[in-house]
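Structural characterization, general
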Number of protein chains: 2
Amino acid sequence: MSFPSHYAIPPTATGKRRDGDRTRAKALQVAAAQISAIGFNKMTIARVAADAGVSQSGLLHHFPSKAALLAAVLDEREREDSEFLFGDGSPPLGWDAFESLVALSARNQTRPEWVELFVRTSAEATVPGHPAHDWVTRHYQSLRKLAHRRCRARNGTGRDPAGRAGAVHGRVDRRLLDGMQQQWGLEPREISMVDNVREHVRLLRMTWS
Amino acid sequence: MSFPSHYAIPPTATGKRRDGDRTRAKALQVAAAQISAIGFNKMTIARVAADAGVSQSGLLHHFPSKAALLAAVLDEREREDSEFLFGDGSPPLGWDAFESLVALSARNQTRPEWVELFVRTSAEATVPGHPAHDWVTRHYQSLRKLAHRRCRARNGTGRDPAGRAGAVHGRVDRRLLDGMQQQWGLEPREISMVDNVREHVRLLRMTWS
DNA sequence: GTCTATACCTCGATAGAC
DNA sequence: GTCTATCGAGGTATAGAC
């Protein structure tokens, strides 16, 4: 005995992924690798399709345009980062926040591809009209807000980071990270991002405490 | 009475520039502006030619290829920078060298176009095969050598910058500059590069002296 | 959901006249 | 030195069959 076809359990309800989902996931992975390696501008959907084992039209069925593919990649990575930073509670404050920079660097050092992707996209998206322009602008804005909240908060382990030059340092920290990540891509083997950030935080501690 | 034509004074000897030189200079200027605004990859020689008031073929007469145009722009700027850094004597050492970072930032703050051009080109040229890949690699190598020489030198105004973490700081400084310049392009009005570098140097001084 | 075929565009570079 | 005309490669996106 069989069910009428319109009663058939759809593939989505079986817990097993549909073919389309697998193609989509593979395409996202390949696109991220390409953007990471050569940037969005130089990436071609033809190459992404080929590496994903699908035709160009097959790829464009899941992502209606090249820009849509980029947006999907960025949104996926942003969700992962948010879970890491805030997933286990409220954002860290005071000196703990500065230490979280070290943790973030350590995490990023295990994800060189994502670092490269972000650096390249940030650089490209500076020009208005770039598909990722709005995304990058929003990303930096939220980081800046977070830094401001951190610097205004106090804790018991040292003087207030917001004291003399806290406002400046919220920005300096991020710029240090950005510059380091950018150069990390050019000479990956010579640099330990974690060591450099740790040294920077140590300097700040010595100055204020 | 007139001279035979082969005795005529050639235009180059009159002290007045030839037409070709003017076209070439204009093209270099326009190309720099384009690379600064949208990067080398997105720049088109058609647009450069149009803005320079010449046809595409006219432009390609002076620069045989798009890559050659980029090389000419980079070489011109590098010559200017070398004159600023070393033109009036030997490179600064010890703490003076760190202070020279402030001077360099101040100079760059008056040349946003060149900063943008360099940031964009550095980012693009990370991918092997890019026309500026070798140029950027060489540029960073010479900067690194300079930083090492600085950090090894001593002077009387403070403890040796090379002491505990000098090797790290030679690199941190440049990364701070890079990251700052990159972000300066995204939000130019919110940041004073000079203030940030000055604050960074002040921190270093407080730590060591 | 995936394919083939193709329309349509932009761009770098060349050929050759003036 | 500068022009017009054009080639040819490489790219995004669409049409329509299966």
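These remarks concern the structure in this document. Nothing here was measured: the structure is a model prediction, and the numbers come from that model. Position numbers for residues count from 1 along each chain, tracking the sequence in the order it is written. Starting at A for chains and at 1 for ligands, labels are handed out in the order in which the entities are written. In keeping with the predicted nature of the model, local features appear solely for residues at pLDDT of at least 70, side-chain atom pairs appear and are counted solely at 80 or more, and the whole-chain, interface and lining totals rest on all residues. Based on all heavy atoms of the structure, the side-chain values leave hydrogens and waters out of the count.

**Digging into the packing of aromatic side chains**
All names here are of chain A. Applied cut-off: A pair of aromatic rings is counted whenever rings of Phe, Tyr or Trp (Trp by its six-membered ring) have centres within 6.5 Å, and the orientation is called stacked for planes under 30 degrees apart, edge-to-face for over 60 and tilted otherwise. Strands are runs of DSSP state E lasting at least 2 residues, helices are runs of H or I lasting at least 4, and numbering of each runs from the N terminus. Residue exposure (1.4 Å probe, protein chains only): buried if accessible area is under 20% of the type maximum, exposed if over 50%, otherwise partly exposed. Counted as over-ring charges are cases with an Arg CZ or a Lys NZ within 6 Å of the ring centre that also lie within 35 degrees of the ring normal.
Tallied over the full model, the rule gives 2 aromatic pairs over all chains. Judged by centre distance (5.9 Å) and plane angle (50°), the rings of W114 and F118 are tilted. Here F118 and W114 lie together in helix α6 (residues 112-124), a separation of 4 residues that amounts to about one turn. Residue W114 is classed as buried on the basis of its relative accessible area of 5%. Classification of F118 as buried rests on a relative accessible area of 10%. The lysine or arginine in question, K66, covers the ring of F40, its NZ or CZ lying 4.4 Å from the ring centre.

**Re the protein's contact with DNA strand D**
Rule in force here: Proximity is defined per residue: if any heavy atom of the residue lies within 4 Å of a molecule or strand, that residue is considered near it. Any pair of N or O atoms that falls within 3.5 Å is considered a polar contact. Within protein, one atom must be able to donate a hydrogen and the other to accept it, and sequence-neighbouring residues count only if both atoms are side-chain atoms. Polarity classes work like this: nonpolar for Ala, Val, Leu, Ile, Met, Phe, Trp, Tyr, Cys and Pro, charged for Asp, Glu, Lys and Arg, and polar for all others, with Gly in that last group.
Close to DNA strand D lie 15 residues, the nearest being A:S57, B:T23, B:S55, B:S57 and B:H62. Among all atoms of DNA strand D positioned within 4 Å of the protein, those belonging to sugar or phosphate total 50%. Contact distances for DNA strand D include 2.9 Å between a base oxygen and a side-chain N or O atom of A:S57. At 2.5 Å, a backbone N or O of B:S55 approaches a phosphate oxygen of DNA strand D. Mapped onto the surface near DNA strand D, the elements with two or more residues apiece are α3 (56-62) of chain A together with α3 (56-62) of chain B. Its residues placed into classes, the surface near DNA strand D shows 4 nonpolar, 10 polar and 1 charged.

**Brief notes about the protein's contact with DNA strand C**
DNA strand C sits among 15 residues. The nearest are A:T23, A:V54, A:S55, A:S57 and A:H62. Counting only atoms of DNA strand C within 4 Å of the protein, the sugar-phosphate share comes to 50%. The contact in question runs from a phosphate oxygen of DNA strand C to an N or O atom on the backbone of A:S55, over 2.6 Å. B:M43 places a main-chain nitrogen or oxygen 3.3 Å from a phosphate oxygen of DNA strand C. Among the elements of the structure, α1 (19-38) and α3 of chain A together with α3 of chain B are those that each provide at least two residues to the surface near DNA strand C. When its residues are assigned to classes, the surface near DNA strand C shows 4 nonpolar, 9 polar and 2 charged.

**Re the side chain of B:T121**
All names here are of chain B. The criterion, for reference: Contacts: residue pairs with any heavy atoms within 4.5 Å of one another.
Relative to the helices and strands, T121 is located in helix α6 (residues 112-124). The buried category is assigned to T121, whose relative accessible area is 2%. Residues within four places of T121 in sequence aside, it is in contact with I35, L74, A132 and V136.

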